[in-house]
Amino acid sequence: MFKKILVPVDGSTLAHAAGEFAADLARQHGAQVVGVYVIDPFPYIGIGDASAVGLQAYLAEAKAAATQALDDLRQVCEARGVPYAGDTIERNVVYEGILETCEAEGCDLIVMASHGRKGVQALILGSVAQKVLTHAKVPVLVVKPSAT
């Protein structure tokens, strides 16, 4: 049924759980997992020498986090014998980067984590998962934190 499953990652334990779920699903369907890490661009204001140094430090840190998160997903897929491809992209709006990757890669399912924020925190922070659910043209499976 599914051929390519997109898994947005952010390095969190919830994203890891979503990756495991997606890899298990991919194994059952003979599908490939495509991982994506979306980097928010540096809020560069272009004033002074420190801005360029700050940009380089920010990008180095963001790329290191992306590499670690995507490597985690790669290991999950390898352990299950599932084909994997991953990429890091830079976008101003995370959910748009996820949707653009989904379309560009020809994915037919998105499996992603939701932090399950509620109330004011959800209103202030917004929800990438909610925006993906609202705008996606393919099915979206949301892995939520388990109740403890």
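Going along each chain's sequence as written, the residues are numbered from 1 onward. pLDDT decides what is reported in this predicted model: residues at 70 or higher carry local features, side-chain atom pairs at 80 or more are listed and counted, and totals for whole chains, interfaces and linings draw on all residues regardless. As a rule here, side-chain values cover all heavy atoms of the structure and leave hydrogens and water aside.

With an unreviewed UniProt entry as reference, the protein chain is termed Nucleotide-binding universal stress UspA family protein, source organism Tepidimonas ignava.

### Some details on the overall build of the protein chain
Condition: A run of DSSP states H or I qualifies as a helix once it reaches four residues; a run of E qualifies as a strand once it reaches two. Both are numbered from the N-terminal end. Here, residues are in contact when the closest pair of their heavy atoms is within 4.5 Å. We get accessible surface area from the Shrake-Rupley algorithm with a probe of 1.4 Å; when it comes to residues, only the shown protein chains can shield them.
Along the backbone of the protein chain there are five helices and five strands. Secondary structure elements in the protein chain, listed N-terminal to C-terminal, are β-α-β-α-β-α-β-α-α-β. Restricting to contacts in the protein chain with at least 6 residues of sequence separation, those with at least 24 account for 79%. When the accessible area of the protein chain is evaluated, it comes to approximately 8,500 Å², of which 54% is carbon and sulfur surface.

### Brief notes about the pattern of salt bridges
For clarity, the cut-off: Basic side-chain nitrogens of Lys or Arg form a salt bridge, by our definition, when they fall within 4 Å of a carboxyl oxygen of Asp or Glu. Each residue gets one of three labels from its accessible area relative to the maximum for its type: buried under 20%, exposed over 50%, partly exposed in between, using a 1.4 Å probe on protein chains only.
Taken as a whole and judged by the stated rule, the model has six salt bridges. The partner of Asp24 in a salt bridge is Arg80, and the shortest N-O contact between them spans 2.5 Å. On the criterion of sequence distance, the pair formed by Asp24 in helix α1 (residues 13–29) and Arg80 in helix α2 (residues 49–80) is long-range, its members being 56 residues apart. Overall, the relative accessible area of 27% leaves Asp24 in the partly exposed class. Across the pair Glu100 and Arg91 runs a salt bridge, and its minimum N-O distance is 2.5 Å. Several salt bridges converge on common partners, so that one network encompasses Asp24, Arg27 and Arg80.

### Some words on the environment of Gly86
As for its position among the elements, Gly86 is in strand β3 (residues 84–90). With 15 residues separating them along the chain, Gly86 and Asp71 place their C-alpha atoms 8.5 Å apart. Excluding anything up to four places from it in sequence, Gly86 contacts Gly35 and Leu70.

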